[in-house]
Amino acid sequence: MSKNELVEFIAAEADLSKAAAGKALDAMLKGIENGLKKDGKVALVGFGTFSSKRREGREGINPLTKEPMKIPAKNVVSFKAGSKLKDAVN
């Protein structure tokens, strides 16, 4: 499902205009982003938990040249599905 399809679904389910549904979706995504930056974790009970973790730098190998290279440290985001989402999918 694309973002446009999701906006159309939200508009139909919540009886909103597509513009309002798009703003609501953008606000939700921005809220998740801000929560991850601030607290490192956003929990939506029943749906799942987004979490941000620090991945340390490490040594790797360039697959083309086979030369060693340094992979920098970075933050990565993970998602763990909640029980209601798991049940709905299965």
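Presented here is an overview of the structure given in this document. (Residues numbered from 1 in each chain as written. Predicted model: local features only at pLDDT ≥ 70, side-chain atom pairs only at ≥ 80, totals over all residues. Heavy atoms only, no water.)

## A look at the sheet that holds strand β5 (residues 74-81)
If you walk across this open sheet you meet the three strands as β1-β2-β5, and the pairing is antiparallel. Every interior strand has two partners, whereas the edge strands, β1 (41-44) and β5, have only one. This sheet shows a mean twist of 20° between the axes of neighbouring strands, independent of strand direction. (Pairing = 2+ DSSP bridges. Helix = DSSP H or I, 4+ residues; strand = E, 2+ residues; numbered from the N terminus. Axes fitted to C-alpha atoms, helices over the stretch in contact; angles between N-to-C directions.)

## Considerations on a nonpolar patch on the surface
Taken together, M1, L6 and F9 make up a surface patch of nonpolar side chains, about 340 Å² in accessible area. By secondary structure assignment, the location of F9 is in helix α1 (residues 3-14). According to the relative accessible area criterion, F9 is partly exposed, its value standing at 46%. (Patch = residues over 30% accessible without salt bridge, like charges linked within 9 Å, V, L, I, M, F, W, Y side chains within 5 Å. Areas by Shrake-Rupley, 256 points an atom, 1.4 Å probe, with all protein chains shown as cover. Salt bridge = Lys/Arg side-chain N within 4 Å of Asp/Glu carboxyl O. Buried < 20%, exposed > 50% of the residue type's maximum accessible area, 1.4 Å probe, protein only.)

## Quick word on the packing of aromatic side chains
Going through the model one piece at a time under the given rule, you end up with two aromatic pairs. For the ring pair F47 and F79, a centre distance of 5.6 Å and an interplane angle of 55° mean the geometry is tilted. Here F47, found in the loop between β1 and β2 (48-55), pairs with F79, found in strand β5; they are 32 residues apart in sequence, far enough to count as distant. Here F79 falls in the partly exposed class, since its relative accessible area comes to 38%. With centroids separated by 4.7 Å and ring planes inclined at 50°, the aromatic side chains of F50 and F79 adopt a geometry described as tilted. Of this pair, F50 sits in strand β2 while F79 sits in strand β5, and the two are 29 residues apart along the sequence. Among the residues examined, F50 registers a relative accessible area of 18% and is labelled buried. (Phe/Tyr/Trp six-rings, centres within 6.5 Å; stacked < 30°, edge-to-face > 60°.)

Function cannot be inferred from these measures alone, as they are strictly geometric.
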